[in-house]
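So you can see what is in the structure, the chains are spelled out below.
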Amino acid sequence: LPNFFQLKAAGDASATISQLIFSGSYIVGLQAAKAYSELSKKSSKQTKIEIVENVTKAYYMVMIGQERMSLFNINLSRLDTLLRQTRALNENGFVEKIDVDRLEVSYNNLLIEKQKGENLLELGRVLLKYQIGMPVDKSLIVKEKISELPSNNIVVANRPDVKNRIEYNLLQTKRELEVLNLKNVRAGYLPTLAAFATGGIFNSHNKFERMFITPWYSYSLVGLNLSVPIFDGFGKYYKGQQAKLEIQKSDNDLRNLENTINLQVKQSEISLKNYQITLESQKRNLDLATEIARVTKIKYQEGIGSNLEVVTAESSLRESQVNYFNAMYDVLVANVDYQVSLGTLPVE
């Protein structure tokens, strides 16, 4: 049978807008977005610190290597002069051939050490280029001198602040996210309120074509939509318990990290002081070896010293130089490690 209460053709055009008024999850989401932004910034800072640490240590390696090469050239020049003088004395019958041979052996050994030093210096330059992202085929020269570095100025913190360490800050941010996760689970029990407004036009007719020549009627609707969770099962309860455990775990991690940082600071501080003592001792040894080599050379030239004493003094001088530069590098690296442990290494 035909339906007399329903027309054959109908048209409806409407638009609806809605505005969220209250949602616990939405508020927590805004807080979490800010926390994730902070986490990203801190992760970026951690990467910068690692880059600066690696670049600084590679830089010191190159700088020490260049200083050593300068001393190699000075030693070679001094030994070459002595060798030529001794050869002349041997030709005139004042010294034996074995004196010339000793000096020549020492000179050749020094040439080999210089070549090894040049290879290590080149390797250090390649490492520094790699750390700073520079093409390895480009030239790189470090102009700064050891004397310009504040290696003797050691500032020891009385009460280190663990909050200066980026690792501690990252873990704090992680805990904030765990707290927000718990808030989000609890927010699931709260109702959600939204406002909406709908407006449109409507028309109906027995004939389809008549719809376009007859008037359309407008309508509107404004209201609130309240959604109240009644039963969510046990899922949210267990999620909440898991979130609480994660917060407790983060608290334990923070305490453990604080103890670890304090231990690292103490270890690096002691290492730095020990290397500083070693450097001072090696500096005194270097000064003594330099003076001994100078006096021994004068005695030999005056004919009151032996050639063997000169060779021994030169060998001791080179050993003292190597020990001094190794101690200098240890102090510089230990100072970087100490700054890293304090969280005070400049990255800008």
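Let me begin by describing the structure that accompanies this report. (Residues numbered from 1 in each chain as written. Predicted model: local features only at pLDDT ≥ 70, side-chain atom pairs only at ≥ 80, totals over all residues. Heavy atoms only, no water.)

Digging into empty space enclosed by the protein
Next, step 1: Throughout the structure, instances matching the rule amount to two cavities of 30 Å³ or more.
Next, step 2: Quantified by volume, the largest cavity comes out at close to 90 Å³.
Next, step 3: Forming the walls of the largest cavity are R68, L71, F72, N75, L110, E113, R318, Q321, V322 and F325.
Next, step 4: Looking at side-chain class alone, the lining of the largest cavity contains five nonpolar, two polar and three charged residues.
Next, step 5: The space that makes up the second largest cavity amounts to roughly 40 Å³.
Next, step 6: Counting residues per element, the ones that place at least two in the lining of the second largest cavity are α4 (235-302) and α5 (307-342).
Next, step 7: Of all the elements, α4 adds the most residues to the lining of the second largest cavity, at three residues.
Next, step 8: Of the residues belonging to the lining of the second largest cavity, the class tally is five nonpolar, two polar and two charged. (1 Å grid on protein atoms, 1.4 Å probe; cavity = no way out; pocket = protein on both sides within 12 Å on 5 of 7 lines; lining within 4 Å. Points joined across faces, edges and corners; volume = space filled by probe spheres on them. Nonpolar A, V, L, I, M, F, W, Y, C, P; charged D, E, K, R; others polar. Helix = DSSP H or I, 4+ residues; strand = E, 2+ residues; numbered from the N terminus.)

Things to note about the layout of surface pockets
Next, step 1: Here the second largest pocket defines a volume of roughly 260 Å³.
Next, step 2: In terms of lining, the second largest pocket is formed by 14 residues, of which the most central are M61, I64, G65, R68 and L120.
Next, step 3: Within the residue set of the lining of the second largest pocket, elements represented by two or more residues are α1 (24-91), α2 (97-132) and α5.
Next, step 4: Of all the elements, α1 adds the most residues to the lining of the second largest pocket, at six residues.

Quick word on the sheet that holds strand β2 (residues 192-205)
Next, step 1: Taken in spatial order, the three strands of this open sheet run β1-β2-β3, and their pairing is antiparallel. The sheet is open, and its two borders are formed by β1 (9-22) and β3 (217-227), each paired with just one other strand. Between one strand axis and the next, the sheet turns through 15 degrees on average, direction left out of account. (Pairing = 2+ DSSP bridges. Axes fitted to C-alpha atoms, helices over the stretch in contact; angles between N-to-C directions.)

Remarks on the nonpolar core
Next, step 1: Formed by 55 residues in total, the largest nonpolar core has its most connected members in M63, L103, L128, M328 and L332.
Next, step 2: Elements represented by at least two residues in this core include exactly α1, α2, α3 (166-187), α4 and α5.
Next, step 3: Here the element with the most residues in this core is α5; it accounts for 15 residues.
Next, step 4: Not counting the four nearest positions on each side in its chain, L128 is found in contact with V55, A58, Y59, V62, L140 and V142. (Core = buried A, V, L, I, M, F, W, Y, C linked by side-chain atoms within 4.5 Å. Buried < 20%, exposed > 50% of the residue type's maximum accessible area, 1.4 Å probe, protein only. Contact = heavy atoms within 4.5 Å.)

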